[in-house]
Amino acid sequence: MAKNTGASKFRKVNVDEYDEENFQDNEDSDVGVVGPNENEVTNFLNQSKNVEALKAVLQNPLQGCKDKRLKDKVVQLVVRVLTAFKASDIEKGVNALDSQTLDILMKYIYRGFEFPSEGSSAALLSWHEKVYAKGGPGCIIRVLTDRKSV
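Since this is a predicted model, take the numbers as computed values, not measurements.

(A) Looking closely at the pattern of salt bridges. Evaluation of the coordinates by the stated rule reveals 7 salt bridges. Residues joined by salt bridges that share partners form a network here, namely Lys-68, Asp-72, Arg-111 and Glu-114.

(B) Broad picture of the nonpolar core. One finds Leu-54, Leu-105 and Trp-127 to be the most contacted residues of the largest nonpolar core, which totals 35 residues. Put simply, the parts of the chain that give this core at least two residues each are α1 (38-46), α2 (50-59), α3 (68-84), α4 (90-95), α5 (99-112) and α6 (120-145). Looking at which element gives the most residues to this core, the answer is α3, with 7 residues. Look past the residues within four positions of Leu-105 in its chain and what remains in contact with it is Leu-54, Leu-58, Leu-82, Leu-97, Trp-127 and Val-131.

(C) Representation of a nonpolar patch on the surface in the model. The grouping of Val-13, Val-15 and Tyr-18 at the surface amounts to a nonpolar patch, some 350 Å² of accessible area in total. On the secondary structure map, Tyr-18 appears in the segment before α1.

(D) Layout of the packing of aromatic side chains. Tallied over the entire structure, the rule returns 1 aromatic pair. Seen from their ring centres, Phe-85 and Trp-127 are 4.9 Å apart, and the 85° between their planes marks the pair as edge-to-face. In this pair, Phe-85 sits in the loop between α3 and α4 while Trp-127 sits in helix α6, placing the two residues 42 residues apart along the sequence. Here Phe-85 falls in the buried class, since its relative accessible area comes to 8%.

(E) Focus on α5. Between its first and last C-alpha, α5 extends 20 Å over 14 residues, near the 20 Å set by a 1.5 Å rise per residue. Tucked inside the fold, the buried residues of α5 contact α2, α3, α4 and α6.

(F) Region of the structure containing the side chain of Lys-107. Position of Lys-107 among the secondary structure elements: in helix α5. Ignoring sequence-local partners within four residues, the contact set of Lys-107 consists of Gln-63, Val-143, Asp-146, Lys-148 and Val-150.

(G) Expanded view of the packing of α3 against α6. The interhelical angle for the contact between α3 and α6, taken along N-to-C directions, is 80°, at an axis separation of 9 Å. As summarised for this structure, α3 and α6 are arranged roughly perpendicular, according to the angle between their axes. Two secondary-structure elements touch here, α3 through Val-79, Leu-82 and Thr-83 and α6 through Ser-120, Ala-123, Leu-124 and Trp-127. Residues belonging to the contact of α3 with α6 are distributed by class as follows: 5 nonpolar, 2 polar and no charged.

(H) Fine view of the packing of α3 against α5. Where α3 contacts α5, the axes come no closer than 9 Å and their chain directions differ by 100°. What the angle tells us is that α3 and α5 run roughly perpendicular. Side by side, α3 and α5 meet where Lys-68, Lys-71, Asp-72, Val-74, Val-75, Val-78, Val-79 and Leu-82 of the first sit next to Leu-105, Tyr-108, Ile-109, Arg-111 and Gly-112 of the second. When the residues that make up the contact of α3 with α5 are grouped by side-chain class, the tally is 8 nonpolar, 1 polar and 4 charged.

(I) Region of interest: α3. Along its 17 residues, α3 runs 24 Å from first to last C-alpha, staying within 8% of the 24 Å computed at 1.5 Å per residue. Listed as buried for α3 are Lys-71, Asp-72, Val-74, Val-75, Leu-77, Val-78, Val-79, Val-81 and Leu-82. The inward-facing, buried residues of α3 contact α1, α2, α5 and α6. Looking at where α3 begins, the residue whose side-chain oxygen comes 3.4 Å from the main-chain nitrogen of Arg-69 is Asp-67.

Reading the values: rules and limits
- Residues numbered from 1 in each chain as written.
- Predicted model: local features only at pLDDT ≥ 70, side-chain atom pairs only at ≥ 80, totals over all residues.
- Heavy atoms only, no water.
- Salt bridge = Lys/Arg side-chain N within 4 Å of Asp/Glu carboxyl O.
- Core = buried A, V, L, I, M, F, W, Y, C linked by side-chain atoms within 4.5 Å.
- Buried < 20%, exposed > 50% of the residue type's maximum accessible area, 1.4 Å probe, protein only.
- Helix = DSSP H or I, 4+ residues; strand = E, 2+ residues; numbered from the N terminus.
- Contact = heavy atoms within 4.5 Å.
- Patch = residues over 30% accessible without salt bridge, like charges linked within 9 Å, V, L, I, M, F, W, Y side chains within 5 Å.
- Areas by Shrake-Rupley, 256 points an atom, 1.4 Å probe, with all protein chains shown as cover.
- Phe/Tyr/Trp six-rings, centres within 6.5 Å; stacked < 30°, edge-to-face > 60°.
- Expected span 1.5 Å × (residues − 1).
- Axes fitted to C-alpha atoms, helices over the stretch in contact; angles between N-to-C directions.
- Parallel < 35°, antiparallel > 145°, perpendicular 65-115°, else oblique.
- Nonpolar A, V, L, I, M, F, W, Y, C, P; charged D, E, K, R; others polar.
- Polar contact = N/O pair within 3.5 Å; in protein donor to acceptor, adjacent residues only side chain to side chain.

Any link to function would need more than the numbers given here.
Shown next as structure tokens:
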């Protein structure tokens, strides 16, 4: 039989700290939310500089932002940029991006499917095909497993 020693040192560990149900993310991501500059992107589109517009709109993604309306507005801006490209110029736009920016673009492509409009789904599928061709399946896996949504 066990002997009662009255030891209480084991009680100083907070076991609730290790409970998976009580996990809270420490990131405070709404601080300094900027997003893409809509005026700059619109100027590039008006001047038919679609590649520069694409780079500008993907430069400051709203990853982890909690404001749903702002995120939806940025998604619609990205879709507007993507639909401005001609089908023959999509590959040139994709080749101008690095792998990290391709992942962000793929996130916006998937979010763009949530807001279907006239012709946007066909354009987004074309973009998806070209991004997948350059980024491979790893690009899709990284997007689907990333906790920071756009």
